[in-house]
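# Commentary on secondary and tertiary structure
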Amino acid sequence: MKGPRTIVIIGGVAGGASAAARLRRLDEQATIILYERGEHVSFANCGLPYHIGGEIEGRDDLLVQTPASLKKRFNLDVLTRHEVLAIDRSRKVVQVMDLNAGRRFEQAYDAIVLSPGAAPLRPPIPGLELPGVYTLRNLADMDAIEARLAAKPQGRALLLGGGFIGLEMAEALRHRGWGVLLAEKGAQVMGPADPEMAALVARELRANGVELMLKADLAQVSAAGDGLVASFGARKEALDLVLVAIGVKPEVSLARAAGLALGERGGIQVDEHMRSSDPAIYAVGDAVEVLDPVTGRMGLVPLAGPANRQGRIAADNLAGIPSAYQGTQGTAIVRVFGLTFAMTGASEKALKAAGKPYEKVYLHPNQHAGYFPGVESLQIKLLFNPNHGAVLGAQIAGQEGVDKRIDVLATAIKAGMSVHDLEELELAYAPPYGSAKDAINFAGFIAANVMDGRMGVFHMEEAAAPGPGQLLLDVRTPREFAQGAIPGAINIPVDELRARMGELPKDKEILAYCRVGLRGYLGTRILAQSGYKVRNLSGGWLTWEAWKESQAA
Ligand code: FAD
């Protein structure tokens, strides 16, 4: 075996820095050279919006490591402001540009870990090149935005795009006292989520003073004095800053020029060991295509957790440990003012697009014991396989306790657990934290009732357009009914149902609903045992309202 190897790492943030550090822990002998085009390595890109919002006060707190600290702790040769221009696979050298010195040189390698990330998309809309229009990927971008904010303490910003960065920046800018117009081209914010769940995020944005424009079609941005004007058809908006946050595209130019195989979605193709089509080159992070283990489809999922784990796996394989990446299920979470929104696994629309069988339930359990102060409800959507009950995906909105519930469900999906397993999970409980029957247990109970035929459910589309052989039955109190009901429904409160069920026709299917689904379930059990054909609206009135909002958009 030949002597110490030279491993070149391209890109020094999430995937690249993880690969470098792990490799050193496994191999003291290798020469590990890390090239980073930007000023900084291993910085907290996920923390950038929180510094702008003022929550992370010190800019230096975002600098997790420096070239000097990486040299000292891991003996890594870290060169910032060094861009790798080309990979010559036949000679096994990379061409590097020292951006400070303006000097070009070659570096030989035995293996490469390519972690160049993804670049913010900039659509070809006139005016997006003007001063005052930004994207947010690194500290330099953040500093530029910060300078604009400092120059005008109370301005108005246009955020283009309602994804994670747009949402986090909406909150950050409102904290800074700025007005925010969030313009999203689609009919919902949070593109990967299902529309009726994303409607909860839209509601929170509006409640916190964000002007939300859905199906927005930005035609042009133009300069106006020291500000900007954005034109959406005839509608003109005066602004002081525009942030383009419509998504990212994998940085594949280096890989493409080197002749590495790209996948169907335009990312670098890798095998389960994160090896590209050249066995000496590994690729990780936002630039690679990953398998969605739930739908079986390939996708681009730009998230920090996967990038870090993939970096570690590439390093393992370079050190002779055959670790394998098992796919990205898209577990993600975002805070939008007082609301936390999280998702894992497949959404309903992803399951539909993949042609996978699924059933869904909605529920609104408390985050902790109902009698403990500060009780709030979680809004959960759970997707599962109707045949064997495997958990396929979940989306949760709420305040406290969203993070732990989504992580339990993410674990359940990874472990191949079914809704019956959720019923049986023994989860930590004391009144400030949960309930003796946790929200996750409830999700399992409800889904298992549906799967095993103890509770037939129907969903919003059916509630909006019942057939001639169906009757909508609202089992809430007359007061709740008077405050708003699904059109066409009649009202018999659940507590009067045993006495008044004679008012219901036996030749029609009863579509029952209540506020969250529980009284509706009780009503269906009462009616079904008296020979009625009956189903319950999953999620009840609360989900109906969110669904209506998503339809209005
Ligand atoms: P990056 O971390 O982007 O690193 C790639 C690096 O490679 C870049 O610094 C680039 O300069 C360098 N590079 C590229 N080409 C070359 C070259 N030819 N030569 C030398 N260097 C090169 N994810 C989450 O999971 N949760 C979050 O809360 C979250 N928040 C985010 C907030 C913001 C503002 C941003 C921008 C991203 C956020 N992400 C979040 C996404 C997460 O940061 C990325 O998924 C992750 O950083 C990807 O890691 P990576 O190594 O693939 O790419």
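Residues numbered from 1 in each chain as written. Predicted model: local features only at pLDDT ≥ 70, side-chain atom pairs only at ≥ 80, totals over all residues. Heavy atoms only, no water.

## What about the sheet that holds strand 14 (residues 227-232)?
Operational definition: Strands are treated as partners if at least two bridges between them are detected by DSSP. A run of H or I in DSSP counts as a helix once it spans at least four residues, and a run of E counts as a strand once it spans at least two, with each numbered from the N terminus. Axis lines are fitted through C-alpha atoms, for helices just across the contact stretch, and the angle between N-to-C directions can take any value from 0 to 180 degrees.
Taking strand neighbours across the sheet as the criterion, the three strands line up as 13-14-15 in an open arrangement whose pairing is antiparallel. At either margin of the open sheet sits one strand with a lone partner, and together these are strand 13 (220-224) and strand 15 (235-239). Adjacent strand axes in the sheet meet at a mean angle of 25° when their direction is disregarded. Taken together, the five bridges between strand 14 and strand 15 define a ladder with antiparallel strand orientation.

## Some thoughts on the packing of helix 1 (residues 14-26) against helix 8 (residues 304-318)
Let me state the cut-off plainly: Should the near helix be turned anticlockwise from the far one by less than a right angle, the crossing is left-handed, and should it be turned clockwise, the crossing is right-handed. Whether two residues touch is decided by their heavy atoms; if any such pair falls within 4.5 Å, the residues are in contact. Think of it as three bins: nonpolar holds Ala, Val, Leu, Ile, Met, Phe, Trp, Tyr, Cys and Pro, charged holds Asp, Glu, Lys and Arg, and polar takes everything else, Gly as well.
Where helix 1 meets helix 8, the axes come as close as 7 Å, and the angle between the chain directions of the two elements is 35°. The two elements helix 1 and helix 8 cross, and the hand of that crossing is right-handed. Counting all contacts with helix 1, which are made through Ala14, Gly15, Ser18, Ala19, Arg22, Leu23, Arg25 and Leu26, the residues of helix 8 involved are Ala307, Asn308, Gly311, Arg312, Ala315, Asp316 and Leu318. Partitioned by chemical class, the residues of the contact of helix 1 with helix 8 number seven nonpolar, four polar and four charged.

## Quick word on the site of the ligand
Note the threshold: If a single non-hydrogen atom of a residue is within 4 Å of a molecule or strand, that residue counts as near it. Under the rule applied, a polar contact is a pair of N or O atoms within 3.5 Å (in protein, one hydrogen donor and one hydrogen acceptor; residues adjacent in sequence only if both atoms are side-chain atoms). Exposure was quantified through the Shrake-Rupley algorithm and a 1.4 Å probe, taking into account, for residues, occlusion by the shown protein chains and nothing else.
In the region of the ligand, 28 residues are neighbours, and Gly15, Glu36, Ser115, Asp286 and Ala304 sit closest. Contact between the ligand and Arg37: a nitrogen atom at 3.0 Å from a main-chain N or O atom of the residue. Between the ligand and Val84 there is a distance of 3.0 Å, counted from a nitrogen atom to a backbone nitrogen or oxygen. Look at the ligand: alone it shows 990 Å² of surface, and the protein chains cover 88% of it. For the shell around the ligand, the secondary-structure elements that each account for two or more residues are helix 1, strand 2 (31-36), strand 4 (82-88) and helix 8. The leading source of residues in the shell around the ligand is strand 4, at three residues. Among the residues forming the shell around the ligand, the class breakdown is 15 nonpolar, seven polar and six charged.

## What about the layout of surface pockets?
The condition is simple: The method works on a 1 Å grid over the protein atoms by themselves. A cavity is a set of points holding a 1.4 Å probe that cannot get out, a pocket is an open set with protein on both sides within 12 Å along at least five of seven lines, and residues with an atom within 4 Å of a point line them. Grid points are joined across faces, edges and corners, and a volume is the space filled by probe spheres set on the points. Residue ranges assigned to each domain were obtained from an automatic or database domain assignment.
One number sums up the size of the second largest pocket: a volume of about 540 Å³. What lines the second largest pocket is a set of 28 residues, and nearest its centre among them are Pro365, Phe442, Ile446, Val516 and Leu518. For the lining of the second largest pocket, the secondary structure elements donating two or more residues are strand 23 (359-363), helix 12 (439-451) and helix 16 (518-528). In terms of residue class, the lining of the second largest pocket is built from 16 nonpolar, nine polar and three charged. There are two domains that each give the lining of the second largest pocket at least three residues, and those are domain 3 (338-451) and domain 4 (457-552).

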